[in-house]
Amino acid sequence: MESISTCFRVKFGHPTKNSHDSHRIRHVGIVGLGGFATKRFKRTSCVAVIRDREIGLANPDWKIGFREDFERRFHIPHLSDVFGDLSPMPSTFNLKSRRPSHEIGNGYPYERWNGYVNNDDRVLLKVIKFSSPSSAGAECIDPDCTWVEQWVHRAGPREEIYFRPEEVNAAIVTCGGLCPGLNDVIRQIVITLEIYGVKNIVGIPFGYRGFSAEKLPKIPLSRSVVQNIHLDGGSLLGVSRGGPNVSEIVDNMQERGIDMLFVLGGNGTHAGANEIHNECWKRGMRVAVVGVPKTIDNDILWMDKTFGFDTAVEEAQRAINSAYIEAHSAYNGIGIVKLMGRNSGFITMHASLSSGQVDICLIPEVPFELHGPHGVLRHLQYLIEMKGSAVVCVAEGAGQNLVMKTNAKDQSGNVVLGDIGAHIQKETKKYFKDIGTSADVKYIDPTYMIRACRANASDGILCTVLGQNAVHGAFAGYSGITVGICNTHYVYLPIPEVISYPKNVDPNSRMWHRCLTSTGQPDFF
Ligand SMILES: Nc1ncnc2c1ncn2[C@@H]1O[C@H](COP(=O)(O)OP(=O)(O)O)[C@@H](O)[C@H]1O
Ligand SMILES: O=P(O)(O)OC[C@H]1O[C@](O)(COP(=O)(O)O)[C@@H](O)[C@@H]1O
Ligand SMILES: [Mg+2]
């Protein structure tokens, strides 16, 4: 084991949207650690603090303690943790005897085939060994960047299952905003459930609202109902924000006898799903609650990406290209495109990188000024002078300190943002008027066009695997978990870990650096 030879006092900082100071720290050369995607990573004396977790580095066995803590955190709750009298049965999911489900009946396949995933299989969460905290995007626990393996559970069908398929009442619910691929996931969940032999599958209409006392009619689901739904965007079940509280939801589940619940949604939805899981088990209900992360913003921790994100980036190309054509064809043309991203700039960064037509990319994680010698507007003037046109791509959550706060919240409690795109358009027009240069400024907001569409091929595959794995996880007896792709492998993660904080673009990451290289933009302050 590597020993910690030095215990010095140093503060590691990350640029945050509120902190110009921490940004400056990076620029004067004090290393920033992207430790666990934290916004602020602080190490004082011999204690590393990652978020609210303290690691006593002076203890030579800190690595063992860290691993044990990690294993505890990433343990995935299993029905047998709480219900001691459960006995599993051989899985009805068997690739060698794929007979039509109506033929399976109550007789389980005799043939055991090893197409299953072992409960002890694990996937490495981190795959880079950083040699120094000063490496771009470094995620180190201590100043020596000591290598500590972090394993998470591999997803997939298990040899033993904890539900009798013919007795299962499965439900699917889609919450939050729309996202390309919702129908693909619904479809795969239904198809896979049927392959296990499940007969009773329903869709809950309009997100968690479908569990309210209003009694919106449930939607019966089967292979024939879902066969072609992936050809359309949106959600067959409908979505919503807000809705009943957890206790009402669980009352409703109890009334309907639901014992498998598949919840498709983002951070908020998963917070709800975890509470539902806890409440069900508290009431002694042997229920599996499994999430499938749905966030077009790609802001869920630990995952390579979430479904719908690729499609959104692809759709955004059309808007950026239109902005480019408008700008390029006008005298002193400036095109501004606003893309989704409440708190994270992934769509904007990836869309900018992908298009190669963006001169200025603005995201919530990197503060900027519009005015002043280093502001965005001065750079726009330079671009117009140099090449006669420019394209700005801005995330909706960027520069919120520059716009009027609305103080409004949506029904889920999410802050309603000010329109940074319109603000930049207005300020740009004014700036060029003031300096006596005519500029033709066009603003495009394709927000709902990039999410109200069907999933592209790559998202289609991701949705397929996630949907199938959600069902395998439920049958394996896990609950309070979600499925994800991690370093190209599919995993089960405990919900509290994936929602402990939102994932953001790390301004010290190679991807952001690549974006800056591509746009050629300077720092805007
Ligand atoms: N902290 C929370 N606890 C329980 N339920 C929540 C929480 N936050 C949001 N929800 C519920 O989850 C659903 C979706 O939340 P929302 O924030 O709109 O979308 P997303 O899940 O995509 O983040 C809503 O019905 C909302 O009421
Ligand atoms: O107008 P709506 O339906 O509230 O949706 C807009 C929001 O949806 C988002 O795409 C994220 O929503 P989700 O978390 O539900 O995926 C944000 O980027 C955007 O602010
Ligand atoms: Mg949310």
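For every chain, the first residue of the written sequence is number 1, and numbering continues from 1 along that sequence. Each chain is given a letter, starting from A, and each ligand a number, starting from 1, according to the order in which they appear as written. Local features in this predicted model are restricted to residues whose pLDDT is 70 or higher, and side-chain atom pairs enter the listing and the counts only when it is 80 or higher, whereas totals over whole chains, interfaces and linings include all residues. To get the side-chain values, take all heavy atoms of the structure and skip hydrogens and water.

This is how it is decided: UniProt positions are given in the numbering used here, feature names are shortened, and annotations may be inferred rather than shown by experiment.
As recorded in an unreviewed UniProt entry, the chain goes by the name ATP-dependent 6-phosphofructokinase, listed as coming from Acorus calamus. Annotation of the chain in UniProt includes, under Pathway (unreviewed entry), the sentence "Carbohydrate degradation; glycolysis; D-glyceraldehyde 3-phosphate and glycerone phosphate from D-glucose: step 3/4." We quote the UniProt Subcellular location (unreviewed entry) comment for the chain here in full: "Cytoplasm".

1. Some words on the site of ligand 1
Rules: It suffices for a single heavy atom of a residue to lie within 4 Å of a molecule or strand for the residue to be listed as near it. Whenever two N or O atoms come within 3.5 Å, that pair is a polar contact, provided that in protein one can donate a hydrogen and the other can accept it, and provided that, for residues adjacent in sequence, both atoms are side-chain atoms. In this description, accessible areas are obtained by the Shrake-Rupley approach with a 1.4 Å probe, and a residue is regarded as covered only by the protein chains that are shown. Gly is placed with the polar residues, together with every amino acid not listed as nonpolar (Ala, Val, Leu, Ile, Met, Phe, Trp, Tyr, Cys and Pro) or charged (Asp, Glu, Lys and Arg).
Around ligand 1, the structure places 14 residues, and the nearest of them are Arg241, Gly242, Gly266, Thr269 and Ser412. Backbone polar atom of Gly242 to an oxygen atom of ligand 1: 2.5 Å apart, as the coordinates give it. Note that an oxygen atom of ligand 1 is positioned 2.6 Å from one of the side-chain N or O atoms of Ser412. If ligand 1 stood free it would expose 550 Å²; the protein chains cover 75% of that surface. Its residues assigned to classes, the shell around ligand 1 shows two nonpolar, nine polar and three charged.

2. Some words on the site of ligand 2
With respect to spatial proximity, 13 residues lie near ligand 2, and among them Gly177, Lys294, Glu396, Tyr448 and Arg451 are the closest. One nitrogen or oxygen atom from the side chain of Arg241 is found 3.0 Å from an oxygen atom belonging to ligand 2. Expressed as a share of its isolated accessible area of 480 Å², the protein-covered part of ligand 2 is 81%. Class assignment of the residues belonging to the shell around ligand 2 gives a composition of three nonpolar, four polar and six charged.

3. Quick notes on the packing of helix 11 (residues 376–387) against helix 12 (residues 420–434)
Selection rule: Each axis is a line fitted through C-alpha atoms, taken for helices only over the stretch in contact, and angles between the N-to-C directions span 0 to 180 degrees. Strands here are runs of E lasting at least two residues and helices are runs of H or I lasting at least four, both read from the DSSP assignment and numbered beginning at the N terminus. Working rule for handedness: look at the near helix, and if it is turned counterclockwise from the far one by less than a right angle, call the crossing left-handed; if clockwise, right-handed. Only heavy atoms matter for contacts: two residues are in contact if any of them lie within 4.5 Å across the pair.
Contact pair helix 11 / helix 12: the axes reach a minimum separation of 10 Å and the direction vectors enclose 65°. Once helix 11 is placed against helix 12, the crossing between them reads as right-handed. Across the interface between the two elements, Leu377, Arg378, Leu380, Gln381 and Ile384 from helix 11 touch Glu427, Thr428, Tyr431 and Phe432 from helix 12.

4. Some details on unusual backbone geometry
Of note in this structure, Asn298 is not a glycine but carries a positive phi near 65°. Unlike most non-glycine residues, Thr488 shows phi in positive territory, near 70°. Considering the arrangement of structural elements, one finds Thr488 in the loop between strand 18 (481–486) and strand 19 (489–494).

5. Observations regarding the UniProt feature "binding site: ATP" (unreviewed entry) in the chain
Our working rule: Burial classification: accessible surface area is computed with a 1.4 Å probe over protein chains only, and a residue below 20% of its type maximum counts as buried, one above 50% as exposed, and the rest as partly exposed.
Here the UniProt feature "binding site: ATP" (unreviewed entry) sits at Gly177, Arg241, Gly242, Gly266, Asn267, Gly268 and Thr269. A maximum C-alpha distance of 13.2 Å places the annotated residues, which cover 93 residues in sequence, within one compact spot. Residue placement: Arg241 occurs in the loop between helix 6 (223–226) and helix 7 (246–256). Given a relative accessible area of 25%, Arg241 falls into the partly exposed group.

6. Thoughts on the sheet that holds strand 14 (residues 333–339)
In a beta sheet, neighbouring strands pair by backbone hydrogen bonds and run either parallel or antiparallel. Using the following cut-off: Two strands form a pair only when DSSP identifies at least two bridges running between them.
Spatially, four strands are ordered 15-16-14-17 in an open sheet, and the strand pairing comes out parallel. Bordering the open sheet on either side are strand 15 (360–362) and strand 17 (440–444), each of which pairs with just one other strand. Averaged over all pairs of adjacent strands, the angle between their axes in this sheet comes to 15°, without regard to strand direction. Taken together, the three bridges between strand 15 and strand 16 (residues 389–395) define a ladder with parallel strand orientation. By the bridge assignment for strand 16, Leu362 is matched with Val394.

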